[in-house]
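Read off the chains here:
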Amino acid sequence: MSLPQLNRTNHGRPAAPIRLVHLGLGNFTRAHQAWYTEHADDAEQWGIAAFTGRRPTMAELLSPQDGLYTLITKGAAGDSFEVISSISVVHPAADYAQLIGYLASPDLAVVTSTVTEAGYYRAEDGGLDLADPAVAADLAALAELVAGGELTVDRIAATPVATAPARILAGFLARRSAGVGALTILPCDNIPNNGQAFKRVIVEAAEQVESSLSAWIEEQISWATCMVDRITPATTEEDRAKCEAQQGYLDAAPVPTEPFSEWVISGEFPAGRPRWESAGAQVVADVEPYEQRKLWMLNGSHSLMAYCAPILGLETVGAAIEHPLVRDWVQQWWAAAGPRLSVPWEEYAAALTERYQNPNIRHLLAQIAHDGSQKIPVRIAPVLIASACEGAPAPAAVRALAGWLLHLRGVGAPVVDAQEAKVLELAAGTLEEAAAKVLAYAAPELAGDESLTASLVQAAKELLALAEG
Ligand code: CS2
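Position numbers for residues count from 1 along each chain, tracking the sequence in the order it is written. Local features in a predicted model are, by the rule used here, given only for residues with pLDDT of at least 70; side-chain atom pairs are given and counted only at 80 or more, and totals for whole chains, interfaces and linings are based on all residues. Side-chain metrics in this entry use all non-hydrogen atoms of the structure; hydrogen atoms and water are not considered.

- Under an unreviewed UniProt entry, the protein has the name Mannitol dehydrogenase family protein and belongs to Scrofimicrobium appendicitidis.

Side note on the site of the ligand
- The nearness test applies per residue and asks whether one of its heavy atoms lies within 4 Å of the molecule or strand. Near the ligand, the surroundings consist of Asn190, Asp229, Arg230, Lys294, Asn299, His302, His363, Ile368, Lys375 and Arg379.
- Whenever a nitrogen or oxygen atom comes within 3.5 Å of another N or O atom, the pair is scored as a polar contact, on the condition that within protein one atom can donate a hydrogen and the other can accept it, and that pairs from neighbouring residues in sequence are kept only if both atoms are in side chains. One of the side-chain nitrogen or oxygen atoms of Asp229 is found 2.6 Å away from an oxygen atom of the ligand.
- Using a 1.4 Å probe, accessible areas were evaluated by the Shrake-Rupley method; residue-level cover was limited to the displayed protein chains. Here the ligand loses 88% of its free accessible area of 340 Å² to cover by the protein chains.
- Elements are defined by DSSP. Helices are runs of H or I of four residues or more, strands are runs of E of two residues or more, and each kind is numbered from the N terminus. In terms of residues, the shell around the ligand owes the most to one element, helix α11 (residues 288-308), which gives three residues.
- When the residues that make up the shell around the ligand are grouped by side-chain class, the tally is one nonpolar, four polar and five charged. Each residue is assigned to one of three groups, with Ala, Val, Leu, Ile, Met, Phe, Trp, Tyr, Cys and Pro labelled nonpolar, Asp, Glu, Lys and Arg labelled charged, and all others, Gly among them, labelled polar.

Notes on the environment of Arg122
- Topologically, Arg122 is positioned in the loop between β6 (110-113) and α5 (133-147).
- Taking the C-alpha atoms as reference points, Arg122 and Ala435, 313 residues apart in sequence, are found 24 Å from one another.
- Among all residues touching Arg122, those that are not within four sequence positions of it are Gly127, Asp129, Ile191, Ala197 and Val201. Note on contacts: a residue pair qualifies if any of its non-hydrogen atoms lie within 4.5 Å across the two residues.

Observations regarding the nonpolar core
- Among the nonpolar cores identified, the biggest contains 71 residues, and Met297, Met305, Trp333, Trp334, Tyr356, Leu401 and Trp404 are the most heavily contacted of them.
- Ranked by the residues each element gives to this core, the list is headed by helix α18 (residues 395-408), at 10 residues.
- With 49 residues, the next largest nonpolar core counts Val146, Ile191, Leu213 and Trp223 among its residues. Definition used in this section: a nonpolar core is a set of buried Ala, Val, Leu, Ile, Met, Phe, Trp, Tyr and Cys residues joined via side-chain atoms within 4.5 Å. Exposure categories follow from relative accessible area, calculated using a 1.4 Å probe and restricted to protein chains: below 20% of the type maximum is buried, above 50% is exposed, and the middle band is partly exposed.

Some remarks on the pairing of β6
- Side chains Val110 and Thr112 project from β6 onto one buried face, and the interleaved Val111 and Ser113 project onto a second face that is buried too.
- Here, strands pair whenever DSSP counts at least two bridges between them. One ladder, built from four bridges, connects β6 with strand β7 (residues 183-187); its direction is parallel. Note on β7: the bridge partner recorded for Val111 is Ile185.

Side note on the UniProt feature "domain: Mannitol dehydrogenase C-terminal" (unreviewed entry) in the protein
- UniProt positions are given in the numbering used here, feature names are shortened, and annotations may be inferred rather than shown by experiment. As recorded in UniProt, the sites labelled "domain: Mannitol dehydrogenase C-terminal" (unreviewed entry) are residues 286-463.
- The span residues 286-463 is 68% helix and 0% strand, and its two end C-alpha atoms sit 39 Å from each other.

Details of the UniProt feature "domain: Mannitol dehydrogenase N-terminal" (unreviewed entry) in the protein
- UniProt feature "domain: Mannitol dehydrogenase N-terminal" (unreviewed entry): in the numbering of this structure it lies at residues 19-277.
- The straight-line gap between the two end C-alpha atoms of residues 19-277 is 18 Å; of that span, 37% is helix and 21% is strand.

Here we look at the sheet that holds strand β10 (residues 255-257)
- Within the open sheet, the three strands sit side by side as β4-β3-β10. Their pairing is mixed. Of all strands in the sheet, those with a lone pairing partner are β4 (78-84) and β10, marking the two edges. Between one strand and the next, the sheet's axes are offset by a mean angle of 25°, whatever the strand orientation. The angle between two axes is taken between their N-to-C directions and runs from 0 to 180 degrees, where each axis is a line fitted to C-alpha atoms and a helix contributes only its stretch in contact.

Structural notes on the pattern of salt bridges
- By convention in these notes, a salt bridge is any Lys or Arg side-chain nitrogen within 4 Å of a carboxyl oxygen on Asp or Glu. Taken as a whole and assessed by the stated rule, the structure comprises 20 salt bridges.
- We note a salt bridge from Asp79 to Lys242, for which the minimum N-O separation is 2.6 Å. Within this pair, whereas Asp79 is found in strand β4, its partner Lys242 is found in helix α10 (residues 237-247), the two being separated by 163 residues in sequence.
- Judged by its relative accessible area of 28%, Asp79 is partly exposed.
- Between Glu425 and Lys437 there is a salt bridge; the shortest N-O distance is 3.6 Å. Here the residue Glu425 occupies a position in helix α19 (residues 420-426), and Lys437 occupies one in helix α20 (residues 431-442), the gap between them amounting to 12 residues.
- Here Glu425 falls in the partly exposed class, since its relative accessible area comes to 47%.
- By sharing partners, the salt bridges in this structure join Asp79, Glu238 and Lys242 into a single network.

In C-alpha cells, the structure reads:
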C-alpha cells in the first residue's frame, strides 16, 4: 500500500494569513526563521509566502504538500520529527506578479531574505555593483517603467526583474503606488550588519531609478539586522526514507538540522511581527557583538575546514573536527579570533566543538566551500588584517587564506562561486603571483605586503606537502 503524501488535509495547522514574505527559500530558512514563526505564540496570525531563488525546485516539491515539510532535528541521541506549518504558500521566483501583489498589500509587515552573500550584488566598497550586467539590466528596466507613464501595481507587476535588490525596489514602487507604507526588511544572511548592507544596495538602486524614491524609503521602510545560526545540511534520500518509516507519509523535502538554534534581532517593526521572542529569539539593541562572534568563530572555522581539510581527504565537518591536525588548526583560529571579540568566546568555542562533533549531522565541506569570494572577506580577513596591523599576522588566518588559494587552484573541493571567473583568475599564474592577487582581493588593506605574501606562499606549500604526503 502506498503511503499518503504530507499535506494540510491530514497534517499540520491551517495556512495562516500572509503577512510575511521570504525571498530565497532554502533548507536554512525552513530550519530557522520558519521554525521560529511556527513556535511563536501568535503563529496562527502569521503566514509566510516564500519565494525560491532562481531554481523553482523547492516550489515544485512543497506546493503539492501545501507548504508543509518535516523538520528532522538530529541530536547526538537521535532524531525528532516535526511538521512545520508556518509557510502558507511557496512560489517560484518567476511568480513575479504575486511578489509585487504581496508587497503592495497593507497586510504585509516584514520581508525576510536569505539570498546569500552574492545576492546583494555589492561592489568591493559595499555599494551596489552597477557594473554587474544583471543589476544594470534590472535598473534599466525599472527606469524605463518609471519613465513610461503612471505607475500602477499592474504595470509594475508586468515588468519582472531578477536581482534581489531590484525585486525589493519594484515592490517598494508598488507599495507606494498602492498608498501603503510601513514595512520592515529583515535580511538573514551571514553578512556583518546585514540590514544596513541590504539598505545600502537597495537605496543606491533607488537613486538610479527615480529621484524621489529614496525619500519615500527613508520615511516608510525600517531595516532590521539579525544574526542567524543553525547548522542545516542538504536533504538526503535517507531523510526522505526516515519520514516514510517513522512518520508514515511521503515528504519530498524534509529538512535535517541540529538541535542548537539562535536568532538575535535588532530593529523596528512598525507594521508588527510575530512574537519570535516567545519562540526563543533574542531582541537586542545591538546585534554586532553576536554577529561578529558567530561569523568569525563558527563561519570562519567552517571556511578554514572547508578549504584545508579536503586536502587531507576529509569530506565532512564531523570528520574534519575529529582529525587532530584540523582540530589544532581550528583551535588556533579560535585563539586568534576570540580575544578580538567584545563578548566571551571560550564557552562558545567549546559548544561549537560539540556541535561539529554531532554524529548524526553530515555537513559536507564541499557545500561550505561555495562562494568563498563572498565569505573569506567577512569571515577570515578581519582577523588577518587586525593581526597584521599589529605586526604579527595570525598564522591560522594565513592558513585559511592559503587553503582558499589552493582550492581555487584545483586542490580539494570543486570551485562553485558566484564570482567564478574572477576568483579563478586570482588564482592563476605562479603560486607567488596567485598569493599576491588573493591577498589583495581578500584584504585590500594588505595588498603588496611582501612578507605576508611570502607567508601565504609558505602556508600553501605546507598544505600542499600534506596533500602529497
Ligand atoms: C556555513 C553556514 O555554508 C556555510 O558557509 O558556514 O551555512 C553555517 O552552517 C550557518 O551559518 C550556521 O548557522
